[in-house]
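Spelled out, the chains give:
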Amino acid sequence: MKRSMTGHLRGALAIVSYSLNTLFWCCPLFAVAAAKLALPARAWRRVCDRVLNSVVVGWVFINDLNQHF
């Protein structure tokens, strides 16, 4: 019984953690994507692409950290 409860607690914490991480990274992702759409200059799009890739790397990195707990 106790083992089942800790499993449920870990699952609930994982869902909360992944959700908060996703919400956190969506803010800069949407802001940069909107800026990329608004200013379609080639050099600006390259900068935005780098920032967007960095956001994705950060999101995946935190999700990987959460997986180990």
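A short tour of the structure in this document, coming up. (Residues numbered from 1 in each chain as written. Predicted model: local features only at pLDDT ≥ 70, side-chain atom pairs only at ≥ 80, totals over all residues. Heavy atoms only, no water.)

**Thoughts on the side chain of Asn63**
Under the convention used in this document: Working definition: helices are DSSP H or I runs of at least four residues, strands are E runs of at least two. Numbering for both runs from the N terminus. Whether a residue is buried, partly exposed or exposed follows from its accessible area with a 1.4 Å probe, protein chains only, as a fraction of its type maximum: under 20%, in between, or over 50%, in that order.
Within the element layout of this structure, Asn63 appears in helix α2 (residues 42–67). Given a relative accessible area of 14%, Asn63 falls into the buried group.

**Describing the side chain of Asn21**
Rule in force here: Contact between two residues is taken to exist if any of their heavy atoms lie within 4.5 Å; hydrogens are not considered.
Relative to the elements of secondary structure, Asn21 occurs in helix α1 (residues 2–38). Residues within four places of Asn21 in sequence aside, it is in contact with Trp59, Ile62 and Asn63.

**Concerning the packing of aromatic side chains**
Basically, it comes down to this: The rule is short: rings of Phe, Tyr and Trp, with Trp giving its six-membered ring, pair when the centres are within 6.5 Å, and they are stacked under 30 degrees, edge-to-face over 60, tilted in between.
The tally for this structure, following the rule as stated, stands at one aromatic pair. With 5.1 Å between their ring centres and 85° between their planes, Phe24 and Trp25 make a pair best called edge-to-face.

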